[in-house]
Structures are given as structure tokens and as C-alpha cells.
Amino acid sequence: MNKSTGIFVVALTWIFALGMAGVTAQQMGVTSGWKTFGSSGTGADQLSGPVATATDSHGRIYVVDQGNSRIVRFDNMSGANWVVFGSYGSGIDQFSSPTGIAIDSHDRIYVVDAGNNRVVRIDDITGKGWMTFGRKGRGVDELYSPGGIALNSQGRIYLTDANNSRVVRIDDMSGKGWTSFGSFGQGTDQFYGPAGIALDSQGRIYVTDQNNNRIVRIDNMKGTTWVSFGSQGLEDNQFYGPLGIAVDGNGRVYVADPENNRIERFDDMTGTNWATVGTYGTGTGQLYLPSGVSLDASGKVYVADTRNARVVQLTWP
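To start, this report covers the structure provided alongside it.

Cut-offs and rules
Residues numbered from 1 in each chain as written. Predicted model: local features only at pLDDT ≥ 70, side-chain atom pairs only at ≥ 80, totals over all residues. Heavy atoms only, no water. Salt bridge = Lys/Arg side-chain N within 4 Å of Asp/Glu carboxyl O. Buried < 20%, exposed > 50% of the residue type's maximum accessible area, 1.4 Å probe, protein only. Core = buried A, V, L, I, M, F, W, Y, C linked by side-chain atoms within 4.5 Å. Helix = DSSP H or I, 4+ residues; strand = E, 2+ residues; numbered from the N terminus.

Turning next to the pattern of salt bridges. Here the structure, examined in full by the defined rule, presents 13 salt bridges. A salt bridge links R108 to D104; the nearest nitrogen and oxygen atoms lie 2.7 Å apart. A relative accessible area of 23% places R108 in the partly exposed class. A relative accessible area of 12% places D104 in the buried class. A salt bridge links R118 to D113; the nearest nitrogen and oxygen atoms lie 2.7 Å apart. Across this residue pair, the class does not change: R118 and D113 are buried.

Let us now look at the nonpolar core. With 16 residues, the main nonpolar core has I71, F95, I101 and I109 as its most contacted residues. Among the elements of the structure, strand 4 (50–55), strand 5 (61–65), strand 10 (98–103), strand 11 (109–113) and strand 12 (118–122) are those that each provide at least two residues to this core. The biggest single contributor to this core is strand 4, with 3 residues. Membership of the second largest hydrophobic core comes to 15 residues, among which are W34, L287, L295 and V312.

Take a look at the structure:
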């Protein structure tokens, strides 16, 4: 297989073309507080292929509305104070297949603009302070279909660089401190379509290695203490094209498993206390190709329920 074939495709058509695998996956019980917001479309309160979520210090919810080439913000799950930013293109205030989002301690917004092979930072949802980093390529300061983003407490930026089969870290939006880790493959220190990325309280790095159907954890950008978990399938301790990932304050790991139409949570990289939420469908407790998962400060879980064109909020005890 060609190296680039099947690697985290960023176009909305990839999201919509995913198969129906996982429709028989067992649901371990719907958690409390299940709420949904959004419907399919291009207008207010509407989304087209949402793929990632984040929250800021005020608890406001941000969504990467990939099919509409924009970022959406609203105050709560009623959609109060709906605001959008962005349009399709490669210029200022424009995105092409955005895939990831993160909010820093100053509530500045970072967006992975995958189709433009760059990261964008704006001061707020008006687009003030627009700044970009990256261009297409395989070298230093270059990205090729970046997918996920995470920030540490010092403001360093971590990215999955999917078609380069690596993780990248930079100190700031100037690209200072460029460091990369990983190569193409299925073994140790290798990735095949790295997609989501998250950090735990110890600064360890978690990556969804999408086409290897596993989760990887490393201690640092040298790849120290490489650990992988998972295999392809529909059962416990298995994934089918994992994408988004988040880690809570207790070190528990949450994974968006789109082709299994579920979110998993487990305590550690052995899969202890494996549990899932979601079966295929459009109703309560059901998901259709979920791509993103995030947590707010209170521990609420937010899911980008991609094919259902909505955001789901739930409380997972």
C-alpha cells in the first residue's frame, strides 16, 4: 500500500464515506446528562460534519464545523449566543478541512487547518490577531495533513502530522523549538496516520494511531517509554479507526472510535475498566461516526457526532 493511502484524510468526503462497521458493538450503558445540540445545514444552530470540540475558561463550547469551513462557538447546549468564524479558502479568516481545535489559558483559539497544512491562532472568535504557522512539506516548519492539536501548561503546541507519520512540537506560533518524533510503520516509534493527540497531568503524550488501530503513549518527544494499546476490531480493547482523544485529571483515557460508533474510556494503557458509550443511530445513547471527544473543567464529556451533525454532552461517572 502506498504510504499516503488511507492516512487521516481530511476532506469531509472521508468522514461521510466511512463504513458502517461497528453497528453491532455493545453499549455499556448510557451515562447521565445526555444532551444534544445541532442539526444538519449551513445556518444558525446547524453543522455539517463537526469533527472536534473544545471549551474555554468560561465553559463556552467551540466546534470545528468542517463541512462549513468554520469554527462555531456557543455558550451552552441550548446554543445560546451562537457565533461563527471562517469561510472556505486559503487566505486570512479562511479554512480548508479544519480538523482540530484547542484553547489556551488566555482563551486564544488554535485551529488545525489541515487542507492548508497549517495551524491558525486567533485571539477570539472575531478572528483578531490572526496568525499562521506551517506550509506543505516534510521538513522543518512543514506539515502534511496535520490532524490533532494539544497544548501544555507552558503553551507549547503539539500536533499530529498525519501524512508525515509523526508528532511535532513547537514552543510557539513562530515555530521556535521545532521537534518531531516518529516515522511510518507499525512498530515501535512508528505511526500510520496519527490523528488525535492529548497530554496528561504528567506531560505524557497520547496519540491515536488511526490506521494501526491503536493508542500510543510516550513520556516525551524522544519517545521514551513507548507503550501501545489496542488492535482492530469491535470488542473490548479494540478500535476501528480511532480519531479524537482526551485524558481527564485522573489519567483516564477517552477515545472517539468512529467506525464502531462509540466512545471508549479506560483507566490506563492496559485497558483497565474498559467501558463504552454509543451504538449506531440517531437517538439517545447513539452516535454516527463520532470523530472528536473533549472534556470541560467539570469533567463533562463533549462528542463531535459527525454524521449526525450535532454535538453531544454527557456526564460519565
